[in-house]
Amino acid sequence: MRQIKLCLLLIIGTIVSLNAQQPKKLNSSEIYEAVQKLNVLGSVLYIAAHPDDENTRLISYMSNHVKARTAYLSLTRGDGGQNLIGPEIRELLGVIRTQELLAARRIDGGEQRFTRANDFGYSKHPDETLKIWNKDEVLSDVVWAIREFKPDVIINRFDHRRGGQTHGHHTSSALLSMEAFDLANDASKYTSQLDFTETWQPKRLFYNTSWWRYGSREAFDKIDKSNMLKFDIGVYYPTKGLSNNEVASLASSQHLCQGFGRLTSRGTQDEYIEFLKGEPLDGSDNVFAGIDTSWNRVEGGSAIGNILDDLEGNFNFVNPATHLPQLLEAYKLIQNIKDEHWRTIKTKEIKSIIESCAGLYLEVSSNTPNASPNSTVSLRIEALNRSNAQIDLVSYNLSTLKVGTSKTMEMPENQRLNFEEGITIPIDINYTTPYWLNTQSTLGMYHVDNQELIGLPETPRAVFVDFNLIIAGTPITITKPVVYRYSKPDKGELYRPFEIIPEVSASLEDKVYIFENNQQKEIEVLVKAGRDAIEGYVRMAYPNDWSVYPQKQKIEIANKGDIQKVVFTVVPPKGQSEGLITPIVNINDEYYTNELIEIDYAHIPFQTVLMPSVSKVVRLDIKKKGENIGYIEGAGDVVPESLRQIGYNVTIIKPEQIAPENLANFDAIVVGIRAYNILDAMKFKQKFLLDYVKVGGNLIVQYNTSRRLKTDNLAPYTLKLSRDRVTDENALVRILDPNHPVLNFPNKITIKDFDGWVQERGLYFPDEWSEEFTPLLAMNDKGESSKEGSLLVAQYGKGNYIYTGLSFFREFPAGVSGAYKLFVNLLSAGKESQSTQKTNN
């Protein structure tokens, strides 16, 4: 039975992934559910700090059971997290997690919004969080979200009363929600927003509490719940064939980069929300008590409600097209209601229902996935009426053209209409890239000046087509973005968004180039054509004390999409130095300095990101011993590439290759971050790694979380992981054993080597260990006790076992010189005696 359940989840997950990029097409059950939602005028806004913080059970319940318009406001895009599925971190990870949230909302029926807050990593107190974020700007964004979405009810994921007891971002999200609840209706606050929207007062604010807030189910059972509402979020949806908690599990499983893939659950399950402020409860479990969520809510709405009540009660699942006359009548009435907010929302909803009931297939597909400004693109337009309704195609308007294309033709039942259009991409069109990355961010904030963009999950598509139709005598315009539809023999039909890209982009292979001595290096620049017939040259911008030659190199690329590789020789200064290098491409006296980054995972739509093409160059005075390093990959980091930068031969060791005969020849073996959390094989292979140490090997284990370890035998001696971490990257580091070989060979490590670290010192430090371990460093965040578990060294047999929670995986991509020096010493552990022997000989 368990195998059957696992297979079912895999099948459902595969279907979700395959359809992640396809336009949504509603079946009869989905049309019926859409009609039910069309008939409800109530809104819920759920607020938390990060992607994957949201309670998908409650979001799905409000959206699919209550039928309320439901949205999740995530204050950040999760840029500061780790990535279990690939190498992307920081801004690129934020792009992935944004799309994972949108994928989750496509399943649970919610909408998605954000603020401009930048996830800078773990924070221990809201005071720190709000200082780094710029509290007033983030608060203004929460107010903006409330004024725009106009929720009747707000539900906080976290408790505003727990400052300093949990993640500072979590508590801050609740504190800001509490404050914004009152400010959103104050016309004297954030007045510039009122050029685009109006004030709004939500009716109630809740906190989504549960037993974990009180430590145990037993403790929660004993508390007074008279101020709470309870919902059974395990309700079953016959039209879906799924329980609500199954839908929620599928939604949360979209957070794959955070390892949230999980089995579904079903059956009765209680969810609680605690009343915080607003209109008092009336004793029922109705979150909308006292709020009219019917069409009577708006002037002129009762007639619309009567039509939809009848339609809902007598829905024709076999042939939904029979309801088109009622829907068209309701559509016309909706256009006349005075409430602009609900008119806009319900117009969008009913258009989608009319389109689906009529079986309308409207698509505009490009002959290419991307194009640059001033280039020509061929569009294939397909229009198909799969019902017996009288539908006329009057015209269509391309967003790139000032004048529409007149057609004035009938759309006979099931007779496909195809048109070909050639368009020229406007010269002044914006590139397709996440709008919040267009301007340099700070540690805590993204900068977005356009008020109407703030909060949107992604950049609006620049190229689209308006289809102007007459359906049974009623004019309706349906808008479709241009897409790229194609197929692969091994995958079938696929979709990609149509993207606007520069005519040329340039990238450097690595984000950091480490020069371990004064020897020059050859650095490759990859120039990619965004159109045919590219001619120009590329040169490098570099620090004054460095040298680069030749001064410039000619580029000639015949075909769009092709890449020309040019090589520059970079000469470092004699002394220690660091700076930035940037390729600059000149095409007809236009300069291009961005790289084009493509993110392609099956569970989210294809993403194109433009980022400044900048790499750090670092000249180190560094010594190292040993050459051959084995690396067991964990949850996605760039440590192997970073070690190759400083001259090591790095071999990736697959879990199945961990055997005595494959380990003996390595000078050191490094275990990647969270490998013991995600690699099942480590449970059986750990003994071989410890045997490798015992006979003289050097094993460096990077951080793992304390939960879900695959082995109880993490180290040769007692070692217990904790949640201890030091989040202040500038926290004072104290050297506990300055004479220890690891801090002296082959490089002398001092506190200056901890200058310039980024995001954090480290995380998940052990807090208990046996006397065989020697702690080398101590550090702590302000106001906390000293943490001494960041770097532990133990001799085991003839070799060395090293455990470190220091965040090398973050420091290496940032080119932090001290982190490289320290890690080289870890790799060289045990070799100081060999060096002494060679010197004596």
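To be clear, the structure that these remarks concern was listed above.
Described in the following lines is the structure provided in the data block. Just so it is clear, the model here is predicted, and its values are computed rather than measured. (Residues numbered from 1 in each chain as written. Predicted model: local features only at pLDDT ≥ 70, side-chain atom pairs only at ≥ 80, totals over all residues. Heavy atoms only, no water.)

1. Some points on the sheet that holds strand E32 (residues 628-632)
(1) Moving on: On the basis of which strands lie adjacent, the open sheet formed by 7 strands has the order E33-E32-E34-E35-E42-E41-E39 and mixed pairing. Edge positions in the open sheet fall to strand E33 (649-652) and strand E39 (774-775), since each of these has one partner strand only.
(2) Moving on: With 3 bridges connecting them, strand E34 (residues 668-671) and strand E35 (residues 698-701) associate as parallel partners. Paired with Val 671 across the bridge in E35 is Val 701.
(3) Moving on: Across the sheet, helix H16 (residues 682-694) touches E32, E34, E35, strand E41 (791-796) and strand E42 (799-804), and the angle it forms with E42 is around 130 degrees.
(4) Moving on: Sheet strands in contact with helix H18 (residues 817-827) are E32, E34, E35, E41 and E42, and its direction is about 140 degrees off that of E35. (Pairing = 2+ DSSP bridges. Helix = DSSP H or I, 4+ residues; strand = E, 2+ residues; numbered from the N terminus. Contact = heavy atoms within 4.5 Å. Axes fitted to C-alpha atoms, helices over the stretch in contact; angles between N-to-C directions.)

2. Remarks on empty space enclosed by the protein
(1) Moving on: Applying the stated rule across the entire model yields 2 cavities of 30 Å³ or more.
(2) Moving on: The space that makes up the largest cavity amounts to roughly 120 Å³.
(3) Moving on: Of all elements in the fold, only helix H4 (91-108) and strand E30 (607-612) reach the threshold of two or more residues within the lining of the largest cavity.
(4) Moving on: Looking at the lining of the largest cavity residue by residue, the class counts come to 5 nonpolar, 7 polar and 3 charged.
(5) Moving on: Around the second largest cavity, the lining residues are Arg 77, Thr 115, Arg 116, Tyr 435, Trp 436, Tyr 446, Val 448 and Gly 455.
(6) Moving on: A breakdown of the residues in the lining of the second largest cavity according to their chemical character gives 4 nonpolar, 2 polar and 2 charged. (1 Å grid on protein atoms, 1.4 Å probe; cavity = no way out; pocket = protein on both sides within 12 Å on 5 of 7 lines; lining within 4 Å. Points joined across faces, edges and corners; volume = space filled by probe spheres on them. Nonpolar A, V, L, I, M, F, W, Y, C, P; charged D, E, K, R; others polar.)

3. Considerations on the sheet that holds strand E9 (residues 270-278)
(1) Moving on: Spatial ordering of the open sheet is given by E3-E2-E1-E4-E5-E9-E6, a layout of 7 strands whose pairing is mixed. Since the sheet does not close on itself, it has two edges, and those belong to strand E3 (111-114) and strand E6 (228-232), each with one partner. Going from strand to strand, the sheet's axes swing by 30 degrees on average, the running direction of each strand aside.
(2) Moving on: Across 4 bridges, strand E5 (residues 204-207) lies against E9 in antiparallel orientation. Its bridge partner being in E9, Phe 206 is matched across the sheet by Phe 275.
(3) Moving on: Against the sheet, H4 makes contact with strand E2 (69-74) and E3, and its axis sits at roughly 155 degrees relative to E3, the strand it touches most.

4. Topic: the nonpolar core
(1) Moving on: Counting 75 residues, the largest nonpolar core has Tyr 801 and Phe 823 as the members making the most contacts within it.
(2) Moving on: Considering each element in turn, this core owes the most residues, 7 residues, to H18.
(3) Moving on: Ignoring any residue separated from it by four or fewer positions in sequence, one finds Phe 823 in contact with Val 639, Leu 643, Val 670, Ile 700, Phe 808 and Phe 812. (Core = buried A, V, L, I, M, F, W, Y, C linked by side-chain atoms within 4.5 Å. Buried < 20%, exposed > 50% of the residue type's maximum accessible area, 1.4 Å probe, protein only.)

5. Here we look at a positive patch on the surface
(1) Moving on: Residues Arg 262, Arg 707, Arg 708 and Arg 723 make up a contiguous surface patch of positive charge.
(2) Moving on: Among the structural elements, Arg 262 can be located in the loop between helix H9 (244-252) and E9.
(3) Moving on: For Arg 262, a relative accessible area of 38% corresponds to the partly exposed category. (Patch = residues over 30% accessible without salt bridge, like charges linked within 9 Å, V, L, I, M, F, W, Y side chains within 5 Å. Areas by Shrake-Rupley, 256 points an atom, 1.4 Å probe, with all protein chains shown as cover. Salt bridge = Lys/Arg side-chain N within 4 Å of Asp/Glu carboxyl O. Lys, Arg positive; Asp, Glu negative; His and termini not counted. Charge placed at Lys NZ, Arg CZ, Asp CG, Glu CD.)

6. Points about the pairing of strand E21 (residues 512-515)
(1) Moving on: Residues Val 512 and Ile 514 line one face of E21 and the alternating positions Tyr 513 and Phe 515 line the opposite face, and both faces are buried.
(2) Moving on: Across 4 bridges, E21 lies against strand E31 (residues 615-619) in parallel orientation. Each residue of the ladder has a partner; that of Tyr 513, found in E31, is Val 617.

7. Remarks on the environment of Arg 97
(1) Moving on: For Arg 97, the location among the structural elements is in helix H4.
(2) Moving on: Residues Arg 97 and Gly 313 lie 216 residues apart in sequence; the distance between their C-alpha atoms is 40 Å.
(3) Moving on: Non-local contacts of Arg 97, meaning those with residues more than four positions away in its chain, are made with Pro 51, Asp 52, Arg 77, Gly 78, Gly 81, Cys 257 and Gln 258.
(4) Moving on: At 3.0 Å, the side chain of Arg 97 forms a polar contact with the backbone oxygen of Gly 78. (Polar contact = N/O pair within 3.5 Å; in protein donor to acceptor, adjacent residues only side chain to side chain.)

8. A word on the packing of aromatic side chains
(1) Moving on: Inspection of the entire model under this criterion finds 25 aromatic pairs.
(2) Moving on: Between Tyr 717 and Tyr 796, the aromatic rings sit 5.7 Å apart at their centres with planes inclined by 85 degrees, giving edge-to-face as the arrangement. In this pair, Tyr 717 sits in the loop between E35 and strand E36 (719-726) while Tyr 796 sits in strand E41, placing the two residues 79 residues apart along the sequence.
(3) Moving on: Look at Tyr 717 and you get partly exposed, because its relative accessible area is 22%.
(4) Moving on: Ring geometry for Trp 757 and Phe 808: centres 6.2 Å apart, planes at 55 degrees, overall tilted. Of the two residues, Trp 757 is situated in the loop between strand E37 (733-735) and strand E38 (762-769) and Phe 808 in helix H17 (residues 808-811); the sequence distance between them amounts to 51 residues. As far as burial versus exposure is concerned, Trp 757 and Phe 808 are alike and both buried.
(5) Moving on: Between Lys 521 and the ring centre of Phe 515, over which it is positioned, the NZ or CZ distance is 5.2 Å.
(6) Moving on: Taking NZ or CZ as reference, Arg 725 lies 5.4 Å from the ring centre of Tyr 764, over its face. (Phe/Tyr/Trp six-rings, centres within 6.5 Å; stacked < 30°, edge-to-face > 60°. Lys NZ or Arg CZ within 6 Å of the ring centre and 35° of its normal.)

9. Digging into the packing of helix H3 (residues 56-65) against H9
(1) Moving on: In contact at an axis separation of 8 Å, H3 and H9 are set at 125 degrees when each is read in the N-to-C sense. With respect to their mutual orientation, H3 and H9 come out oblique. Pair H3 / H9 crosses with right-handed handedness. Where H3 approaches H9, its residues Thr 56, Arg 57, Ser 60, Tyr 61 and Asn 64 are matched on the opposing element by Asn 244, Val 247, Ala 248, Ala 251 and Ser 252. (Parallel < 35°, antiparallel > 145°, perpendicular 65-115°, else oblique. Left-handed = near helix turned anticlockwise from the far one by under 90°.)

10. Description of the packing of helix H2 (residues 28-38) against helix H10 (residues 302-313)
To characterise two packed helices, one gives the angle between the axes of the helices and the distance between these axes.
(1) Moving on: With their axes 10 Å apart at the nearest point, H2 and H10 run at an angle of 150 degrees to one another. It follows that H2 is roughly antiparallel to H10 by the angle criterion. In this structure, H2 meets H10 at a crossing whose hand is left-handed. Residues Tyr 32, Val 35, Gln 36 and Leu 38 of H2 touch H10, and the partners they reach there are Leu 308, Leu 311 and Glu 312.
(2) Moving on: Its residues assigned to classes, the contact of H2 with H10 shows 5 nonpolar, 1 polar and 1 charged.

11. So, the side chain of Ser 642
(1) Moving on: For Ser 642, the location among the structural elements is in helix H13 (residues 639-645).
(2) Moving on: The contact partners of Ser 642, leaving out residues within four places of it in the chain, are Phe 812 and Tyr 820.

12. Considering unusual backbone geometry
(1) Moving on: With an omega of 0 degrees, the peptide bond between Tyr 549 and Pro 550 qualifies as cis.
(2) Moving on: For the bond running from Phe 745 to Pro 746, omega is -5 degrees, close enough to zero to count as cis.
(3) Moving on: Turning to its location among the elements, Pro 746 is positioned in the loop between E37 and E38.
(4) Moving on: Residues other than glycine seldom take positive phi values, yet Lys 67 does so here, at roughly 70 degrees.
(5) Moving on: Mapped onto the fold, Lys 67 is located in the loop between H3 and E2.

13. Let's talk about the environment of Tyr 486
(1) Moving on: Tracing the sequence through the fold places Tyr 486 in strand E17 (residues 474-488).
(2) Moving on: Taking the C-alpha atoms as reference, Tyr 486 lies 8.3 Å from Arg 496; in sequence the two are 10 residues apart.
(3) Moving on: Not counting chain neighbours up to four residues away, the residues in contact with Tyr 486 comprise Gly 492, Glu 493, Leu 494, Tyr 495 and Arg 496.

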